[in-house]
Structure formats: C-alpha cells, structure tokens
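Residue-level structure breakdown
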Amino acid sequence: FPASLFSRQIVFEGQTCNIVADKQTKLPTQLGKWFQVNHAPNTAKLDVERVDKLPPPTEYLSVTREVQSSDCDFQGHLNHAAYIKYAHDAISLLAKRDKFSALPREVVRCQVKSFEGLYLAEATTGERFEIRVWENEMNKKTLHFEVVSETKQQSAFQGTFYFGDEVLFCNL
C-alpha cells in the first residue's frame, strides 16, 4: 500500500466495487451474459439489491459548485471521481467553518476509513449543483453527502465518508 514518504505511515488503502446500471432505468442490474462468460471467475458475485439511496436528511449544510470542463470526459459528463473530490472539498470547507461536531477544522488530515458512493445521474459541463452534507446521527465521524443538480432538481450522486480517529501528519 502507498505510504507517506516521511512517516512510512499508510496513507491510502482501497477497495473498488463497481455496480452495473441499466441504461434506461439507471438502476443496478446483473452483469451481461458476455461478461459472466469471459470474466466471471475473476469477479465477486454482487447482490445488486443492497445498493440503496440514502434517506433525505432533515437538516444539512451545503456548498454550491459548477461542473468544470477539466473534470469531465470527452462527452462532457462529470467524471465519477470528481463527485468524490467535490464532496471532500465541500466537507473540508465546512470543517474550516467549524460546522461538524466531531471533526477538526483540518479534516483533510483525518483518516478516511472507508467510502461508499452511488452514482444516480449524469452532470454536465457548466451545470450548477448543490453538495449537501450531513452528519450521521449515530456516529458524528460519518458524513453523508448528496450532489443535487440545481437545474434538474435531482440527485446525481450520493456517498458516505467514514472518518477514523487517527490524524495524519506530515513532518518535513
């Protein structure tokens, strides 16, 4: 695993799980027969029914953002990783304003134990959207977020950051 060059401390440890979605309904679906035949031995069996949308929060904090062309693919759609980057940037900005009860102002130094995300709809270059962030009621170090298009008034992406107790330092 990648480690900090200065502390030899593990900086990132990840695992990726991709869910296949139906083009028309945008809902999770089973992998096609061609994929199962060619790649099934190397693929974990997924229970697509377990992918649920987050319940809407009663209260949330928000940051407004515009989709930048540099964060989009050749078709002008926002890259999957950019949703996560935008959400983390929003969380960092809100933390600097002391908006979270269990996370420090320098939340970028907090260890992210894990992350879950659910792609729901595309966002395109120039589109404005609101990133809604709220604390989990049971664990204040768990932050949920939702990316909502201001134009379409629909959720494009939802996710959860699970922050750990460890704070990462870089001693130069």
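What you are looking at is a predicted structure, and each value in this text was computed from that prediction instead of being measured.

A few words now on the overall build of the protein chain. Across its full length, the protein chain carries two helices and five strands. Put simply, the protein chain runs from its N terminus to its C terminus through helices and strands in the order α-β-α-β-β-β-β. Every one of the 172 residues in the protein chain was classed for burial, and the buried ones make up 31%. Considering only contacts in the protein chain between residues 6 or more positions apart, those separated by 24 or more positions represent 59%. On the protein chain, roughly 11,700 Å² of surface is accessible, and the fraction owed to carbon and sulfur atoms is 51%.

With respect to the helices and strands, His 144 occurs in strand β4 (residues 142-149). For His 144, a relative accessible area of 10% corresponds to the buried category. In this structure the side chain of His 144 is engaged in a polar contact, spanning 3.1 Å, whose partner is the side chain of Asn 136. Residues in contact with His 144, not counting those within four places in the same chain, are Leu 54, Arg 132, Val 133, Trp 134, Asn 136, Gly 159 and Thr 160.

So, about the confidence of the model for the protein chain. Of the residues in the protein chain, 69% reach a pLDDT of 70 or more, and the chain-wide mean stands at 77. The least confident element of the protein chain is helix α1 (residues 33-39), whose mean pLDDT is 65; the most confident is strand β3 (residues 128-135), at 94. Note that residues 1-5 has pLDDT below 50 and, in this model, 13 contacts with residues that lie over four places away or in other chains. Every residue in residues 46-50 is under pLDDT 50, and counting partners more than four places away or in other chains gives eight contacts.

Let us look at helix α2 (residues 80-96). Look at α2: 25 Å from first C-alpha to last across 17 residues, which is about the 24 Å you get at 1.5 Å a residue. The residue sitting at the N-terminus of α2 and contributing the capping side-chain oxygen is Asn 79; that oxygen lies 2.7 Å from the backbone nitrogen of Ala 81.

The next thing to look at is unusual backbone geometry. A positive phi angle, close to 55 degrees, is found at Asp 98, a residue other than glycine. Here Asp 98 lies in the loop between α2 and β2 (110-119). Phi is positive for Gln 153, which is not a glycine, with a value near 50 degrees.

Moving on, we get to the layout of surface pockets. Estimated volume of the second largest pocket: approximately 310 Å³. Pro 57, Glu 59, Trp 134, Glu 135 and Glu 137 are, among the 17 residues lining the second largest pocket, the residues nearest its centre. Residue contributions to the lining of the second largest pocket peak at three residues, all from β3. Looking at side-chain class alone, the lining of the second largest pocket contains nine nonpolar, three polar and five charged residues.

Below, the discussion takes up the pattern of salt bridges. As enumerated under the stated definition, the model contains eight salt bridges in all. Between Arg 65 and Asp 89 there is a salt bridge; the shortest N-O distance is 3.6 Å. Highlighted residues: Arg 65 in strand β1 (residues 61-66) and Asp 89 in helix α2, separated in sequence by 24 residues. Assessed through its relative accessible area of 22%, Arg 65 is described here as partly exposed. Classification of Asp 89 by relative accessible area gives partly exposed; the value is 33%. Residues participating in the shared-partner salt-bridge network are Arg 65, Lys 85 and Asp 89.

Any two aromatic rings considered together are summarised by their centre-to-centre distance and by the angle between their planes. Taken as a whole, this structure holds eight aromatic pairs when the rule is applied. Ring centres of Tyr 83 and Tyr 119 lie 6.2 Å apart, and the angle between their planes is 70 degrees; on these two criteria the pair is classed as edge-to-face. Here the residue Tyr 83 occupies a position in helix α2, and Tyr 119 occupies one in strand β2, the gap between them amounting to 36 residues. Each ring, one from Phe 145 and one from Phe 157, has its centre 6.0 Å from the other, and the planes form 15 degrees; the classification is stacked. Linking Phe 145 in strand β4 with Phe 157 in strand β5 (residues 155-167), this pair joins segments that are twelve residues apart in sequence. Ring pairing ties together the aromatic residues Tyr 83, Phe 115, Tyr 119, Phe 145, Phe 157, Phe 161 and Phe 163, which thus form one cluster.

What counts and what doesn't
- Residues numbered from 1 in each chain as written.
- Predicted model: local features only at pLDDT ≥ 70, side-chain atom pairs only at ≥ 80, totals over all residues.
- Heavy atoms only, no water.
- Helix = DSSP H or I, 4+ residues; strand = E, 2+ residues; numbered from the N terminus.
- Buried < 20%, exposed > 50% of the residue type's maximum accessible area, 1.4 Å probe, protein only.
- Contact = heavy atoms within 4.5 Å.
- Areas by Shrake-Rupley, 256 points an atom, 1.4 Å probe, with all protein chains shown as cover.
- Polar contact = N/O pair within 3.5 Å; in protein donor to acceptor, adjacent residues only side chain to side chain.
- pLDDT = per-residue confidence, 0-100.
- Expected span 1.5 Å × (residues − 1).
- 1 Å grid on protein atoms, 1.4 Å probe; cavity = no way out; pocket = protein on both sides within 12 Å on 5 of 7 lines; lining within 4 Å.
- Points joined across faces, edges and corners; volume = space filled by probe spheres on them.
- Nonpolar A, V, L, I, M, F, W, Y, C, P; charged D, E, K, R; others polar.
- Salt bridge = Lys/Arg side-chain N within 4 Å of Asp/Glu carboxyl O.
- Phe/Tyr/Trp six-rings, centres within 6.5 Å; stacked < 30°, edge-to-face > 60°.

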